[in-house]
Amino acid sequence: MPHFNPALKFAISAIGALCLSVAQAETFSGKVVGIADGDTLTVLTASKQQHKIRLAEIDAPEKSQPFGTTSKQSLSDLCFGKEAEVRPHAIDRYKRTVARVTCAGIDANAEQVNRGMAWVYRRYAKDHDLYVLEHGAKVGKRGLWADSSPTPPWQWRKQSNVRTI
C-alpha cells in the first residue's frame, strides 16, 4: 500500500467531504415518518432511506420546556404522514440534515414560527420573513408568546446543561 504524506491525505479527505456535502445539498422528498420535537423530524424516501432533519433557521422549545410538547404536536399536525420536500442547508454536529422543509405545500419552518411554536434562530437565520412572522406571533400572543417572558431554547439548554440529539 502506498504511503501518502499527511497533507495529501487531508486534501483527499477534504475533497471527499466537499463532494459529500454537494451531493447532500440536493433537494429530495419523502414521507414524514417521525417527529422528535418542534424542529426535528424524520423523512423516509422512496428508496427506503431515513433522514433525520433539523429545521433550519428556527429553534423550538425543548420537550421538557414550556410549550415543548405543544410545539412537537404542531409540527406533527403540519407534517406527520405527509409528503415533504427537503432543501438541505448543512449537516449539524449530530449528523442531522439541517434544511427548509415543505410539508403538503406548507413551509414548516416558517409556519412553526408563525404559530408561535418556535423562535427565529438568530445565530443561523438568513430569511428576513421569519423575523416578520415571529413579530406577528409575538404581537398576537400566539403559542409560546402567550407567556409573559418565554425562555429561548438556546438559553434554556445553557441553563439546564441539556444536550439535544
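Our structure's up above, just so we're on the same page.
Because the structure is predicted, anything quoted here is derived from the model rather than measured.

So, the environment of G30
Link 1 in the chain: For G30, the position within the fold is in strand β1 (residues 28–37).
Link 2 in the chain: With residues near it in sequence (within four places) discarded, G30 still touches V43, L44, T45, K82, E83 and A84.

Thoughts on the pattern of salt bridges
Link 1 in the chain: Applying the stated rule across the entire model yields 11 salt bridges.
Link 2 in the chain: Notably, a salt bridge pairs R100 with E57, separated by 3.1 Å at the nearest N-O pair. Of the two residues, R100 is situated in strand β6 (residues 97–103) and E57 in the loop between β3 (50–55) and β4 (58–59); the sequence distance between them amounts to 43 residues.
Link 3 in the chain: Under the relative-accessibility criterion, E57 is labelled buried at 9%.

Describing the state of the cysteines
Link 1 in the chain: Applying the stated criterion to the full structure yields 1 disulfide.
Link 2 in the chain: The residue that forms a disulfide with C79 is C103, at a sulfur-sulfur distance of 2.1 Å. The sign of the S-S torsion, about 95°, decides the handedness of the disulfide formed by C79 and C103: right-handed. Of this pair, C79 sits in helix α2 (residues 68–79) while C103 sits in strand β6, placing them 24 residues apart in sequence.

Cut-offs applied
Residues numbered from 1 in each chain as written. Predicted model: local features only at pLDDT ≥ 70, side-chain atom pairs only at ≥ 80, totals over all residues. Heavy atoms only, no water. Helix = DSSP H or I, 4+ residues; strand = E, 2+ residues; numbered from the N terminus. Contact = heavy atoms within 4.5 Å. Salt bridge = Lys/Arg side-chain N within 4 Å of Asp/Glu carboxyl O. Buried < 20%, exposed > 50% of the residue type's maximum accessible area, 1.4 Å probe, protein only. Disulfide = S-S within 2.5 Å.

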